[in-house]
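# Architecture and fold: a report
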Amino acid sequence: MFDDFFIRALVAGVGIAIVAGPLGCLVIWRRLSYFGDTLSHSALLGVTLAYSFSLNIAFSVFVISAVVALLLVSLQKRTKLAGDSLLGLLAHSTLAIGLVLIGFLSYIRFDLMGLLFGDILAVTTADIGLVWIGGSIILIILYFIWKSLFSATVNYDLSAAEGMRPEFSNFIFTLLLAGVIALSIKMIGALLITGLLLIPAAIARNISNSPRQMIVIAILSGILSVVVGLFASLEVNTSSGPSIIVVALILFIISLVPLEIKGQLQKR
Amino acid sequence: MNENNNLLVRLKDCGVQKSSKWIVKGISLEIHKGKIVTLIGPNGSGKTTTAKMALNILKSDEGSIENYSTKMAYVPQKISIDWTMPLRVIDFMNLTSHINKDEIIEALALTGVQHLIYDEIHNLSGGEFQRVLIARAIAKKPDLLVLDEPVQGVDFNGEIALYNLIKEICIKLNCGILLISHDLHFVMSATDHVICLNGHICCSGSPKSIVKNSSYIELFGEHNAATLSLYQHEHDHSHQTDGSVKN
């Protein structure tokens with residue numbers, strides 16, 4: 001069944017979209033889109049390290065993203081720079097280190113475009129297993145810390161006062177974000193992962209009125225973007241990552257229509 | 001039941017330091033079941049900080065905190081819900097524990113906002129949201145309830161009704177209440193123990209004894225104090241600008 005590279009890409013992509021849905025909603029609610037960007041930029045460093053020491057790519061990306069997230073927390077405590085400056089610092093320096101290292105690895109045939117923008121041809125049966133097993137683990141952990149994470153997103157003090165231990169769940173959430181980036185780097189590419197997290201959730205925000213509804217719609221529009229994007233990429237021979245994101249953008253524009261109609265009706 | 005079984009929180013000589021400046025210092029207080037403790041004091045006197053210590057949100061940099069409460073509920077002073085989240089009142093009521101729908105409606109009815117149950121939080125007015133916040137805390141049936149200026153933005157009639165409700169809840173749930181309030185009339189008439197804060201505890205005691213206290217009169221001005229008490233005493237200490245005691 002998984003003989004065809006296209007089926008493999010489809011199965012892996014849908015898996016990623018399901019995991020990206022709820023995490024993307026949290027990224028939007030917590031205004032963490034730039035944080036997601038930083039993690040995914042550092043993912044490139046993770047990939048080059050994986051090649052250098054012949055490690056598993058997803059594992060190496062996960063470790064590097066987690067280290068960058070921890071670095072951010074400790075820098076925030078030590079310096080007087082604002083969060084966004086520190087994120088920029090980490091994003092670009094890890095990206096630069098990654099690119100410099102690639103230069104040293106000239107003996108390996110490197111598909112830089114594939115790393116940055118994703119490559120459906122590269123998805124193996126093992127990758128599918130990784131996406132679905134890893135994705136399930138992420139979702140199960142998310143399920144258990146949901147109440148705490150969600151209440152802390154609404155109000156940290158309230159959550160802390162009422163025994164939800166938000167500090168712990170915030171930390172776990174950072175690791176889950178690193179995890180989803182590690183799972184999707186091969187498919188979507190380092191530069192566009194945040195797009196797959198953000199845009200489906202943004203679509204969902206336009207047309208939902210409860211948190212649960214927003215998550216469900218985010219998952220569905222993520223799946224739709226992946227499926228249509230991959231077919232388009234096959235049809236017109238474009239990179240898989242950008243095709244998926246462009247489809248997501250089109251869906252976002254469509255999702256503005258009901259919002260617009262509602263606005264017009266209220267004016268009358 | 002002996003005295004100790006009723007104890008919910010005990011702060012002993014607690015304080016919070018921020019970049020080498022003490023926000024509050026030397027705070028000792030106890031909250032018991034069925035009793036209302038009020039914190040009063042000017043802006044920046046450390047009322048919210050003290051409440052957060054009692055709630056275990058802030059760690060005390062000195063002294064010790066004992067917390068025997070099993071279920072705390074909190075009505076924070078300022079809370080802004082991000083518009084990026086589509087949150088309805090009913091979702092908000094279930095935020096930190098699962099409460100069944102009948103109880104949610106009942107609690108919302110107590111604060112007069114049951115008709116808003118499916119409204120989005122960010123469409124509520126300040127006063128309406130405040131009522132939802134109080135309803136949420138009540139619906140949790142806590143044994144310790146901390147209310148930080150709970151009636152801000154609520155209309156005049158509503159204010160009186162909500163204060164009466166708070167008193168009622170205290171008796172009905174037999175819960176301890178820590179209240180921060182600027183409404184001296186309510187504080188003096190309905191609470192069991194009053195603590196006057198200004199970076200430290202200026203004075204504390206029953207409302208009756210507090211209105212006679214010179215520190216209280218100094219903090220709130222002769223006029224306000226006089227509306228509640230005819231007594232005046234000599235000041236036993238005076239304050240520096242940061243609220244600490246001048247020697």
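On to the overall build of chain B. On a plain count of helices and strands, chain B comes out with eight helices and 11 strands. Considering only residue pairs separated by 6 or more positions, chain B has 63% of its internal contacts joining residues 24 or more positions apart.

Okay, the overall build of chain A next. Along the backbone of chain A there are 11 helices and zero strands. Along chain A, helices and strands appear, N-terminal first, in the series α-α-α-α-α-α-α-α-α-α-α. In terms of overall size, chain A behaves like a compact globule, its C-alpha atoms giving a radius of gyration of 19 Å where 268 residues would be expected to give roughly 18 Å. With the principal axes as the frame, chain A shows a C-alpha extent of 65 × 50 × 30 Å.

A word on the sheet that holds strand β6 (residues 144-148) of chain B. Strands belonging to one sheet form pairs held by backbone hydrogen bonds; the direction of such a pair is parallel or antiparallel. Residues and elements named next belong to chain B. Across the sheet, six strands lie side by side as β5-β6-β7-β3-β8-β9; this open sheet has mixed pairing. Only two strands of the sheet have a single neighbouring strand rather than two, namely β5 (72-75) and β9 (201-205). Taken pair by pair, the neighbouring strands of this sheet meet at an average axis angle of 10 degrees, ignoring direction. Bridge analysis of strand β3 (residues 36-40) against strand β8 (residues 193-197) gives four bridges, and the strand direction is parallel. Bridge pairing in β8 places leucine 39 opposite isoleucine 195.

Attention shifts here to the packing of helix α9 (residues 193-207) of chain A against helix α11 (residues 240-267) of chain A. All names here are of chain A. Where α9 contacts α11, the two axes come as close as 8 Å, and the packing angle between them is 15 degrees. With respect to α11, the axis of α9 lies roughly parallel. For the pair α9 and α11, the crossing hand works out as left-handed. Here Gly195, Leu196, Ile199, Pro200, Ala202, Ile203, Asn206 and Ile207 of α9 come into contact with α11, specifically with Ile244, Ile245, Ala248, Leu249, Leu251, Phe252, Ser255, Leu256, Pro258 and Leu259. Residue classes in the contact of α9 with α11 are distributed as 15 nonpolar, three polar and no charged.

All names here are of chain B. Here we have three strands laid out as an open sheet, ordered β2-β1-β4, and antiparallel in their pairing. Two strands in the sheet have a free side with no partner beyond their single neighbour: β2 (21-32) and β4 (62-67). Here the strands of the sheet are splayed against their neighbours by 15 degrees on average, with no regard to which way each runs. The sheet contacts of helix α1 (residues 47-54) involve β1 (7-18), β2 and β4, and relative to β1 the element is tilted by about 125 degrees.

When pLDDT is averaged along chain A, the result is 89; 97% of the residues meet or exceed 70. Per-element confidence in chain A ranges from a low mean pLDDT of 78 for helix α5 (residues 112-117) of chain A to a high of 94 for helix α6 (residues 125-154) of chain A.

Take the nonpolar core next. Grouped together as the largest cluster of nonpolar side chains are 156 residues, with contacts concentrated most on Val61, Ile181 and Leu196 of chain A together with Val146, Ile177 and Cys196 of chain B. Tallying contributions element by element places helix α1 (residues 5-29) of chain A first for this core, with 14 residues. Not counting chain neighbours up to four residues away, the residues in contact with cysteine 196 of chain B comprise Ile40, Gly41, Ile201, Cys202, Cys203, Ser204, Ile210, Ser215, Tyr216 and Leu219 of chain B.

On to the confidence of the model for chain B, then. Fine structural detail should not be taken from predicted coordinates in areas where pLDDT scores are low. In this model, chain B carries a mean pLDDT of 84, and residues with pLDDT of at least 70 account for 87%. In the model, residues 229-235 of chain B has pLDDT below 50 throughout and makes nine contacts with residues more than four positions away in sequence or in other chains.

A few words on the interface of chain B and chain A. In this assembly, 19 residues from chain B lie in contact with 20 residues from chain A. The dominant element in the side of chain B that touches chain A, judged by the number of residues it contributes, is β5 of chain B, at three residues.

Residues and elements named next belong to chain A. Despite not being glycine, arginine 31 has its phi angle at roughly 55 degrees, a positive value. Along the polypeptide, arginine 31 turns up in the loop between α1 and α2 (33-52). Its identity as a non-glycine residue notwithstanding, asparagine 237 has a phi of 55 degrees, on the positive side. Within the secondary structure layout, asparagine 237 lies in the loop between α10 (211-236) and α11. Given 8 C-beta atoms within a 10 Å radius, asparagine 237 is considered exposed.

Here arginine 88 of chain B is to be found in the loop between β5 and α2 (89-93). Linking arginine 88 of chain B and lysine 18 of chain B, residues 70 residues apart in sequence, is a C-alpha distance of 36 Å. In contact with arginine 88 of chain B, not counting residues within four places along its chain, are Asn209 and Ser210 of chain A together with Tyr118, Asp119, Glu120 and Ile121 of chain B.

It is worth spelling out the packing of α6 of chain A against helix α8 (residues 166-188) of chain A at this point. Residue and element names in this part refer to chain A. Running from N to C, α6 and α8 point in directions that differ by 155 degrees, and their axes come no closer than 9 Å. Here α8 runs roughly antiparallel to α6, going by the angle between their axes. Note that α6 runs across α8; the crossing there is left-handed. Judged by residue contacts, Asp127, Leu130, Val131, Gly134, Gly135, Ile138, Ile141, Leu142, Ile145, Ser148, Leu149 and Ala152 of α6 engage Pro166, Ser169, Asn170, Ile172, Phe173, Leu176, Gly179, Val180, Leu183 and Lys186 from α8. When grouped by side-chain class, the residues that make up the contact of α6 with α8 number 14 nonpolar, six polar and two charged.

Conventions used here
Residues numbered from 1 in each chain as written. Chains lettered and ligands numbered in written order. Predicted model: local features only at pLDDT ≥ 70, side-chain atom pairs only at ≥ 80, totals over all residues. Helix = DSSP H or I, 4+ residues; strand = E, 2+ residues; numbered from the N terminus. Contact = placed C-beta atoms within 7 Å. Rg over C-alpha atoms; globule rule 2.2 N^0.38 Å. Pairing = 2+ DSSP bridges. Axes fitted to C-alpha atoms, helices over the stretch in contact; angles between N-to-C directions. Parallel < 35°, antiparallel > 145°, perpendicular 65-115°, else oblique. Left-handed = near helix turned anticlockwise from the far one by under 90°. Nonpolar A, V, L, I, M, F, W, Y, C, P; charged D, E, K, R; others polar. pLDDT = per-residue confidence, 0-100. Core = buried A, V, L, I, M, F, W, Y, C linked by C-beta atoms within 7 Å. Buried ≥ 20, exposed ≤ 12 C-beta atoms within 10 Å, placed from the backbone.

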